[in-house]
Structures are given as C-alpha cells and as structure tokens.
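# Survey of secondary and tertiary structure
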Amino acid sequence: MEPTSLSGRKILLVISGGIAAYKSLTLIRELKKLRCDVKCVLSGNAHHFVTPLSVAAISENRVYSDLFSLTDEHEMGHIRLSREADLVVVAPATADLIAKMANGLADDPASTVLLASTSRILVAPAMNTAMWENPATVANMDLLRSRGVLQVGPGEGELACGDVGPGRMVEPSEILEAIILALKTRGALDGMRALVTAGPTYEPIDPVRFLGNRSSGKQGFALAAELASEGAETILVSGPCALPDPSGVDTVRVETAEEMLAAVLQRLPADIAVCAAAVADWRIDSQESTKIKKDTGQQPALSLIENPDILATLSAISDSRPALVVGFAAETERLLENATDKRRRKGCDWIVANDVGPKSGVFGGDTNTVHLITDKGSEAWPTMTKVEVARSLVQRIADHFAPQ
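Residues numbered from 1 in each chain as written. Predicted model: local features only at pLDDT ≥ 70, side-chain atom pairs only at ≥ 80, totals over all residues. Heavy atoms only, no water.

A separate point is the overall build of the protein chain. The secondary structure content of the protein chain amounts to 14 helices and 22 strands. Computed over the C-alpha atoms, the radius of gyration of the protein chain is 24 Å, within 12% of the 22 Å expected from 2.2 N^0.38 for a compact globule of 404 residues. Across its three principal axes, the protein chain shows a C-alpha extent of roughly 75 × 60 × 45 Å. Here the protein chain holds 404 residues, and 50% of them are scored as buried. The long-range fraction of contacts in the protein chain, counting pairs at least 24 apart against all pairs at least 6 apart in sequence, stands at 68%. Summing over all exposed atoms, the protein chain offers an accessible surface of approximately 19300 Å²; the carbon and sulfur share of this is 50%. Averaging the positions of the 40 positive and the 51 negative side-chain charges in the protein chain gives two centres separated by 1 Å. (Helix = DSSP H or I, 4+ residues; strand = E, 2+ residues; numbered from the N terminus. Rg over C-alpha atoms; globule rule 2.2 N^0.38 Å. Buried < 20%, exposed > 50% of the residue type's maximum accessible area, 1.4 Å probe, protein only. Contact = heavy atoms within 4.5 Å. Areas by Shrake-Rupley, 256 points an atom, 1.4 Å probe, with all protein chains shown as cover. Lys, Arg positive; Asp, Glu negative; His and termini not counted. Charge placed at Lys NZ, Arg CZ, Asp CG, Glu CD.)

In structure tokens:
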C-alpha cells in the first residue's frame with residue numbers, strides 16, 4: 001500500500017464508550033500515516049475511556065463531543081459532519097450504539113451523526129460475548145447489514161470482563177484493512193443503475209378500507225441495500241411498509257399499483273430491475289368517496305378491474321428495457337410449475353420463486369426459501385435469512401454482468 005494512496009480521503013471516526021476505545025488512538029495514527037483527514041466524534045460515555053484532548057492531538061482536528069455545543073454546531077454541524085465523510089467508521093461499536101443505529105435513536109453526538117449520515121458506514125463491534133450473542137444484538141446487526149452497513153469483526157479472545165469468546169474488537173490493523181477495502185475497492189456493480197420494487201400495494205375501497213396483502217417489504221429492502229453496497233446507483237420503489245429507508249438508496253414511497261408503475265417508469269433507464277413487490281392483481285373499479293356503512297341493510301358489491309402488470313411492462317419495453325429483469329413469484333402450490341410459467345408469460349429474464357403458504361412464515365418473517373429460475377433451468381437454494389438471499393442474488397447479478 002502506497003503511503004499516499006488514501007491521501008485526502010475523509011474519515012469520520014465515531015468512538016463509543018467501551019474499553020476498546022483506547023485502540024482508536026492507534027487507528028487514528030495509522031490513518032494519519034496514510035494522509036487521511038480524520039475527524040472524530042465521541043459518544044456520551046467515550047470520554048471515560050479516551051480524552052478529547054488525546055484524540056484531538058493525534059487526529060490534528062477538533063473533537064466533537066457535545067450535542068448541544070453552539071460552537072460545534074456553528075463550525076461543523078452534525079448534518080454537515082456526517083455527510084462530508086468518504087467513510088464513517090464506528091470503532092468501537094458497543095451494543096448500545098448498535099441498538100441506537102438499528103432503531104434510529106439520536107440522543108448523543110455519536111448516534112445523531114450516524115442517523116444523519118448518508119455516507120457508507122463501517123462498524124467494528126466490541127462487547128461481552130453474551131451481549132454479542134444476545135438475540136437482540138443479532139437482530140440489530142442483521143438489520144444494519146440489510147441497510148448496507150459494513151462490518152469488521154468482532155474477533156475471539158480474552159475480553160476485559162475475563163470471559164473468553166467472540167466480542168473482542170479486532171486490532172486497528174484489521175480495521176485499517178477494512179477501511180482501505182471500503183475506500184479503494186470498486187463494487188462489482190459500480191457505474192450501473194438498479195431499480196427495485198418492494199412491499200405490498202394498497203388499493204383503496206373507500207377512505208378507510210383497502211385491498212392489500214401481508215408483504216413486509218423485507219426482501220426487497222435487503223436487495224436494494226445489497227445492490228447499493230456493490231456500487232450500483234439504486235432506486236427503491238416501495239409500497240406501504242414500516243421499514244426505514246436503506247442507507248445509500250434513493251427510496252420512493254407509493255401506495256397503489258398504478259403509482260408504483262408510474263414511479264418505476266419515471267426512473268428508467270436502468271441496467272437492472274428487480275421486482276420483489278407483492279403488487280395487488282386487482283383494484284376497485286370505482287372507489288367510494290365516503291365510508292361504506294354496514295347498517296344500510298345491503299351488502300356492498302365490489303367491482304374489480306385488473307391492475308397494471310409492472311414486471312411484464314418492464315420486460316416488454318423496447319427502447320429502455322433493463323438488461324436484466326428479475327421477478328419474484330410468490331406461490332402457495334405447484335411452486336416450480338407456476339413460477340416457470342410466470343417467467344414465460346411475463347417475459348422476464350429470471351424468476352425467484354418462493355412458497356408463501358401459511359406454514360412458510362415468509363410474509364413478515366426474516367427467512368426465505370427460494371428457487372432461482374433462468375433460461376438454463378431452476379436451482380433450489382437452502383433456507384436463508386432474507387439478507388443472505390439478497391446477498392446471494394446480488395452476487396449472481398454481479399456474475400451475470402462480469403466480463404467473460
């Protein structure tokens with residue numbers, strides 16, 4: 001590694017309150033040797049382990065440690081601070097700060113900067129083994145990874161509490177390697193544009209009722225995060241769901257199938273289209289302008305008309321069709337037969353088929369069991385988390401576009 005290879009790159013180092021914080025001083029020193037511009041933010045408890053004076057002396061920059069400092073906000077507000085960085089590094093990342101990141105909390109300088117950041121984020125977890133293996137931490141890390149947050153460590157070894165096991169923050173040299181990789185490596189889809197649909201659509205019946213489905217949007221959101229992490233300029237068009245916007249993704253919120261189609265067509269051209277949304281097949285012919293009352297003595301008759309087919313529309317576009325169109329087939333019976341037929345009818349390149357029957361737990365769940373169907377046939381994938389399914393599918397997409 002040439003000593004000037006990262007010259008001028010801007011690193012925002014977030015130091016949280018754990019015993020491993022002392023290693024951050026070595027990390028700062030190594031980054032400075034590579035001529036990085038390092039600015040540091042301390043969490044509310046970090047000053048118990050490293051002093052702002054020592055951090056400032058080594059980084060050669062002022063340290064931000066007070067959320068309500070008028071001087072800090074005037075000179076470098078947390079919004080500007082979080083967005084000017086080429087990479088945000090959280091080392092150490094305690095269980096508490098990881099939980100705040102996952103849940104969008106902002107009650108100290110560190111969590112506020114992280115919530116406001118639009119830059120890539122790398123975390124180096126550090127905590128007791130029981131905390132690292134706690135289901136809450138596992139779920140929080142899964143969520144962060146699904147949003148495109150990078151991770152290095154933790155390692156295994158003797159911890160400050162005397163326990164031996166996973167949870168130890170990796171050494172500064174390993175964090176430095178991860179930083180260099182994040183800053184220097186081009187993503188496999190760098191320079192490409194990806195369009196993803198996710199979630200359900202809601203088709204209004206009257207002002208308070210709608211036709212919809214149980215899709216949570218988790219698979220589509222995970223796919224968007226993975227595509228962005230591989231360097232693709234990623235647009236996510238999502239129906240109504242409670243998930244936060246993935247980091248580094250342009251997220252567009254819609255409600256109906258017609259709105260989703262319009263949003264998709266407005267954002268073409270794209271190299272890749274992944275239609276993971278569970279779009280309602282039907283909508284009400286004529287939406288009532290007032291709430292339908294049940295005490296009229298008459299049962300309402302709902303007249304349905306077919307919704308636009310987003311996957312088929314994208315596949316059939318002649319002038320701006322994406323080079324790769326991937327659809328999803330949510331089936332409750334004859335999975336492979338129905339999905340293979342759907343690929344033929346829709347004209348898409350690939351279909352990801354999954355069983356969404358009542359016993360599958362796919363809708364709203366965190367795991368998925370899929371088959372990938374292409375012109376070369378079908379292949380069964382093992383049951384994985386939706387994040388892992390997304391990672392595997394994006395890797396296939398990257399392989400598809402890799403030079404032969």
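Still to come is the rest of the account.
Quick look at the pairing of strand β12 (residues 233-238) now. Among the six residues of β12, five are classified as buried, and the element is accordingly described as predominantly covered. As paired strands, strand β9 (residues 193-198) and β12 are joined by six bridges and run parallel to one another. Note on β12: the bridge partner recorded for Ala 198 is Ser 238. Pairing analysis gives four bridges linking β12 to strand β13 (residues 250-253), with the strands arranged parallel. The residue of β13 that forms the bridge with Leu 236 is Thr 251. (Pairing = 2+ DSSP bridges.)

This brings us to the sheet that holds strand β18 (residues 350-355). Sheet strands line up and pair through hydrogen bonds in the backbone, either parallel or antiparallel. Across the sheet, eight strands lie side by side as β13-β12-β9-β14-β17-β18-β20-β21; this open sheet has mixed pairing. If you trace the sheet from one side to the other, it starts and ends with β13 and β21 (377-380), each paired once. Taken pair by pair, the neighbouring strands of this sheet meet at an average axis angle of 15°, ignoring direction. On top of the sheet, helix α13 (residues 335-346) reaches β17 (324-331), β18, β20 (370-374) and β21; it is set at about 150° to β18, its chief contact. (Axes fitted to C-alpha atoms, helices over the stretch in contact; angles between N-to-C directions.)

Turning next to helix α10 (residues 218-229). Counted at 1.5 Å a residue, the expected span for α10 with its 12 residues is 16 Å, and the 17 Å between its end C-alpha atoms agrees. Inspection of α10 places Gln 219, Gly 220, Phe 221, Ala 222, Leu 223, Ala 224, Ala 225, Glu 226, Leu 227, Ala 228 and Ser 229 among the buried residues, and these make up the whole buried set. Gly 231 sits one or two residues past α10 and shows a positive phi near 100°. (Expected span 1.5 Å × (residues − 1).)

According to the stated counting rule, one finds 20 salt bridges in the structure shown. One salt bridge connects Arg 253 with Asp 245, and the closest N-O pair in it is separated by 2.7 Å. With relative accessibility at 38%, the residue Arg 253 sits in the partly exposed group. Taken together, the shared-partner salt bridges connect Asp 96, Lys 100, Asp 107 and Asp 108 into one network. (Salt bridge = Lys/Arg side-chain N within 4 Å of Asp/Glu carboxyl O.)

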